[in-house]
There are 2 protein chains.
Amino acid sequence: MLKTKLEEFKEKIKSSGLKITPQRVAVYKEIAQSSDHPCAEELYERLKDKIEGISLTTVYRTLASLEKAGLVKRVPTLKDKIRYDAKVEPHSHFVCVNCGKIVDLDYVPPTPEEVKELGDSLTCTLMCYGICKECQVDE
Amino acid sequence: MLKTKLEEFKEKIKSSGLKITPQRVAVYKEIAQSSDHPCAEELYERLKDKIEGISLTTVYRTLASLEKAGLVKRVPTLKDKIRYDAKVEPHSHFVCVNCGKIVDLDYVPPTPEEVKELGDSLTCTLMCYGICKECQVDE
DNA sequence: CCTTAATATGAAAATAAATTGCAACTTATA
DNA sequence: TATAAGTTGCAATTTATTTTCATATTAAGG
Ligand SMILES: [Mn+2]
Ligand SMILES: [Mn+2]
Ligand SMILES: [Zn+2]
Ligand SMILES: [Zn+2]
């Protein structure tokens, strides 16, 4: 991860009145370098062998803190599991309805102004559903 | 609900090898006449006093059946509760981040062809997040 | 109409995801 | 370093959804 991004992370954490802990750093780094929009449990699985003190509870709590601080965002899903994104700027997603993978698209979603229907919307995101290339091969 | 829509419902149910039951009719009618994209529990709450034999379990099972039959679709959400839509054609949604309300937008989302990035996507939907008019008043 | 096989239902138990209480521990600041 | 504020892990809890299983209903055929 870029040094600037880690610095920005520390600043935002501090300015939210939160403390910098190894667990928070680890969770944020892990989301930031993932491209698959992991859920809490997936993050925990990836971290539990690398990071000494990390519990699933803390991953859940960390995600809530990072979300409040504006460092991560939830990704809209059709399932009953919340998934997270460290890319907080508006962008679009492709979801494989077969394997559940979620990846970023280059497609730029319209701005709230362009949609402007029900007063002030803040952000927009386009969600596309289909079958990813890997899933098409081994049908 | 239009007679044609109810007939279409019965046909699709049958062609999926499912039986027409009062519970299924009631759940489908309720979603179809709702504009707020209810979850299973909300549907149950709205139906339990109107329909003699209806249980939350059956509402869950009915939603799964209707989804398989292509009569309802899930709406992407940021929460851990699945919400449903009887409007199955591609369209866009506005979500109030304050009260959780989800309403349809007229904005027509791009077609999968227009996005075309990762092979074959099937459907696209634009999600817009903001504060609804009611929530803006009583802030 | 009746019969019957296939399917659907409700209640309760089970599972899965996320949250909370609490005592022990860190962090940041002075 | 002392210390107050904030954080952690574990276990218990809550919330959402699914499954089990015995009973009931549907649709088709006679
Ligand atoms: Mn993303
Ligand atoms: Mn809709
Ligand atoms: Zn896939
Ligand atoms: Zn609102």
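### Here's the deal with the domain arrangement of chain A
All names here are of chain A.
Right, on to step 1. Assigned domains of chain A: these are domain 1 (2-85) and domain 2 (92-138).
Right, on to step 2. Between the C-alpha centres of domain 1 and domain 2 there is a distance of 22 Å.
Right, on to step 3. Of the roughly 660 Å² buried at the junction of domain 1 and domain 2 (both faces included), carbon and sulfur atoms supply 63%.
Right, on to step 4. Across the domain 1-domain 2 interface, the total number found is 0 salt bridges.

### Overview of the protein's contact with DNA strand C
Right, on to step 1. The full set close to DNA strand C counts 22 residues, and A:Y60, A:K81, B:R24, B:T58 and B:R61 are the nearest of them.
Right, on to step 2. Backbone atoms, meaning sugar and phosphate, form 71% of the atoms of DNA strand C found within 4 Å of the protein.
Right, on to step 3. B:G53 is positioned with one of its backbone polar atoms (N or O) 2.8 Å from a phosphate oxygen of DNA strand C.
Right, on to step 4. Among the elements of the structure, helix 4 (56-68) of chain A together with helix 2 (22-33) and helix 4 (56-68) of chain B are those that each provide at least two residues to the surface near DNA strand C.
Right, on to step 5. Its residues assigned to classes, the surface near DNA strand C shows 6 nonpolar, 7 polar and 9 charged.

### Concerning the coordination of the zinc ion (ligand 3)
All names here are of chain A.
Right, on to step 1. Those donors, C96 (SG), C99 (SG), C132 (SG) and C135 (SG), are the protein atoms that reach the zinc ion (ligand 3), and they lie 2.2 to 2.4 Å from it.
Right, on to step 2. For the zinc ion (ligand 3), all donor residues lie on one chain, and their spacing in sequence is C-x2-C-x32-C-x2-C. Here C96 is found in strand 3 (residues 92-96), whereas its partner C135 is found in helix 6 (residues 133-137), with 39 residues between them in sequence.

### With respect to the protein's contact with DNA strand D
Right, on to step 1. Neighbouring DNA strand D are 22 residues; A:K19, A:R24, A:T58, A:R61 and B:K81 lie closest to it.
Right, on to step 2. Taking all atoms of DNA strand D within 4 Å of the protein, the share assigned to sugar and phosphate is 70%.
Right, on to step 3. A distance of 2.7 Å separates a base nitrogen of DNA strand D from a polar atom in the side chain of A:R61.
Right, on to step 4. B:R61 is positioned with one of its side-chain polar atoms (N or O) 3.3 Å from a base oxygen of DNA strand D.
Right, on to step 5. Elements represented by at least two residues in the surface near DNA strand D include exactly helix 2 (22-33) and helix 4 of chain A together with helix 4 of chain B.
Right, on to step 6. Looking at the surface near DNA strand D, its residues break down into 6 nonpolar, 7 polar and 9 charged.

Criteria and cut-off values
Residues numbered from 1 in each chain as written. Chains lettered and ligands numbered in written order. Predicted model: local features only at pLDDT ≥ 70, side-chain atom pairs only at ≥ 80, totals over all residues. Heavy atoms only, no water. Domains from an automatic or database assignment. Buried area = accessible area lost by both parts, 1.4 Å probe. Salt bridge = Lys/Arg side-chain N within 4 Å of Asp/Glu carboxyl O. Near = heavy atom within 4 Å. Polar contact = N/O pair within 3.5 Å; in protein donor to acceptor, adjacent residues only side chain to side chain. Helix = DSSP H or I, 4+ residues; strand = E, 2+ residues; numbered from the N terminus. Nonpolar A, V, L, I, M, F, W, Y, C, P; charged D, E, K, R; others polar. Donors = N, O, S within 2.8 Å, 3.2 Å for Na, K, Ca; no water.

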